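Here is how the chains run, residue by residue.
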Amino acid sequence: MNIIHILRGKAIPESKNSINRVVYTLAANQVEAGHDVTVWGLHNDAIHNYPPRNFKTILFKTGLLGLWLSKSLLKQLNQLKTTDMVHLHGTFNLECLLLAYRLIKKNIPFIYTPYCSSARRHRIIKLPITKWIIDQLELYVMKHAKMVQFVQSFELEWYKDAEINASYIPVGQHVHHLQFKFSPVLIEEYPVFATLYLKEHDTGGLLTIIHAFELYKRAGGMGELWIITDVNDYKSIKNDISRSGIEKFSRFMFYTTEQEKLNLIANTTWMVAMNAKDILPLHVLETLAIQVPVIVNEQSDLADKIVAYQAGYNIGEPTPVALCKTFIHAYYEVNRARELGKNGYRLVLREYNWNKIIEQFNH
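The numbering scheme is per chain: residues are counted from 1 as the chain's sequence reads. This being a predicted model, a pLDDT of at least 70 is required before a residue's local features are given, and a value of 80 or more before pairs of side-chain atoms are given or counted; all residues contribute to the totals for chains, interfaces and linings. The side-chain quantities take in all heavy atoms of the structure and omit both hydrogens and water.

**Thoughts on the packing of helix α2 (residues 71-78) against helix α3 (residues 94-105)**
- Note on definitions: angles span 0 to 180 degrees between N-to-C directions of axes, and those axes are lines fitted to C-alpha atoms, for helices only across the stretch in contact. Runs of H or I in DSSP of at least four residues are treated as helices and runs of E of at least two as strands, each being numbered from the N terminus. One way to put it is that α2 packs onto α3 with a least axis distance of 10 Å and a crossing angle of 30°. Considered as vectors, α2 and α3 are oriented roughly parallel to each other. As α2 packs across α3, the resulting crossing turns out to be right-handed. From α2, Leu73, Leu74, Leu77 and Asn78 reach across to α3, where they touch Leu99, Arg102 and Leu103.
- Basically, the charged four are Asp, Glu, Lys and Arg, the nonpolar ten are Ala, Val, Leu, Ile, Met, Phe, Trp, Tyr, Cys and Pro, and anything else, Gly included, counts as polar. Residue composition of the contact of α2 with α3, grouped by class: five nonpolar, one polar and one charged. Here the angle decides the label: under 35 degrees means roughly parallel, over 145 means roughly antiparallel, 65 to 115 means roughly perpendicular, and every other value means oblique. We call a crossing left-handed when the near helix sits turned anticlockwise from the far one by less than a right angle, and right-handed when that turn is clockwise. Here, residues are in contact when the closest pair of their heavy atoms is within 4.5 Å.

As structure tokens, this is what we get:
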């Protein structure tokens, strides 16, 4: 079986676009598992400007606004056999529809991972009839897919009445192979609580963390709050920190590469993820994979597994008071942080190991 991954991009692992990282890691590990894998990347320059990789990569120039498929891409599609398996990655758009239509017409089996496209669409598109039309087109693709992999569990609810073969798979890599530099910068009795600040994905969770840390310090709690970010425009957050009076106990830790981000996370005691939803559960999985325990709330898609594996804490309702109580509890259990972190590694290894998930591609 030849597996073909199709995405917008070049599957470059250093990309900030999580789809590129996931496709790269998934393809690389499928090759290691003995599969014949090719990545088809749709890009505006189609230049092979990336380091060597263990899978084949074919690049195609994208048409204007994705209104058509290039001749070279159509030629490759026509050469596919019914024994091949195609995996479509990315937000639903006209390109995705055109690709799926060709695959359906040729009876080529395919898997579709929409990466929250419905959620994005319903946030952006205001006209109800437009939403309905696009939803029906995407549903057409889903019904013909061998499997639909939703990256967030709530999306399954949107299509629970539709006749589709669906599963929930967080946007996870083969994360237990991540490389990082571990050199603790803290004294054991002074923990470092950290959170990732990604402006475009933050849903108010950071303010909850700031207010909770303020209460924690007032209660005599020790340690620091790290805000790990690649965002330069953080004036409003700095003002919130100033008003909370925790300037001396908080730091902005900047990174420019994914490796720098992992190194920063590896040197913290606890990662705090308070978004209303795990918009990017990949970051939670990365944190667990490098053996740092995670504090989440009841709305997290990964909360149940984190509790079951004792890989962190679920504070329940995402309020500053509830999080403050957990900070205090974590402070008194600081000596267990590394033990819980190892449990997080086991969680990733057992639940999100792509070499196990890969069996679903067999047909």
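Right, picking up where we left off after that structure.
**Some thoughts on the confidence of the model for the protein chain**
- In predicted models, pLDDT denotes the confidence assigned by the predictor to each residue on a 0 to 100 scale. With 85% of its residues at a pLDDT of 70 or more, the protein chain shows a mean pLDDT of 84.
- By mean pLDDT, the top-scoring element of the protein chain is strand β13 (residues 312-314) (96), and the lowest-scoring one is helix α14 (residues 354-357) (58).

**Structural notes on the sheet that holds strand β8 (residues 192-197)**
- Two strands are said to pair when DSSP picks up at least two bridges between them. Pairing is parallel across the open sheet formed by six strands, whose spatial order is β10-β9-β8-β11-β12-β13. Each end of this open sheet is capped by a strand with a single partner; those strands are β10 (250-254) and β13. Neighbouring strand axes in the sheet, compared pairwise and without regard to direction, differ in orientation by 25° on average.

**Some details on the sheet that holds strand β2 (residues 36-43)**
- Here seven strands make up an open sheet; going across it, the order is β3-β2-β1-β4-β5-β6-β7 and the pairing parallel. What marks the edges here is a single partner per strand, and that holds for β3 (56-61) and β7 (166-168). Ignoring strand direction, the axes of neighbouring strands in this sheet form an average angle of 20°.
- Across six bridges, β2 lies against β3 in parallel orientation. Of the residues in β3, the one forming a bridge with valine 39 is threonine 57.

**Re the packing of aromatic side chains**
- Any two rings among Phe, Tyr and Trp, with Trp reduced to its six-membered ring, count as a pair given centres within 6.5 Å; such a pair is stacked if its planes are under 30 degrees apart, edge-to-face if over 60, and tilted if neither. One pass over the structure, following the stated rule, counts 12 aromatic pairs.
- Both rings, one in phenylalanine 193 and one in tyrosine 216, keep their centres 5.6 Å apart while their planes meet at 80°; by these two values the pair is edge-to-face. With a gap of 23 residues between them, phenylalanine 193 in strand β8 and tyrosine 216 in helix α7 (residues 205-218) connect regions that are remote in the sequence.
- For each residue, the accessible area found with a 1.4 Å probe, counting protein chains only, is set against the maximum for its type, and the residue is called buried under 20%, exposed over 50%, and partly exposed in between. Its relative accessible area of 0% is what places phenylalanine 193 among the buried residues.
- Taken together, the aromatic side chains of Phe193, Phe213, Tyr216, Phe327, Tyr331 and Tyr332 make up a single cluster linked through ring pairs.
- Geometrically, a lysine NZ or arginine CZ counts as sitting over a ring once it is within 6 Å of the ring centre and also within 35 degrees of the ring normal. Across from the ring centre of tyrosine 50, 3.8 Å away, lies the NZ or CZ of arginine 53, which sits over that ring.

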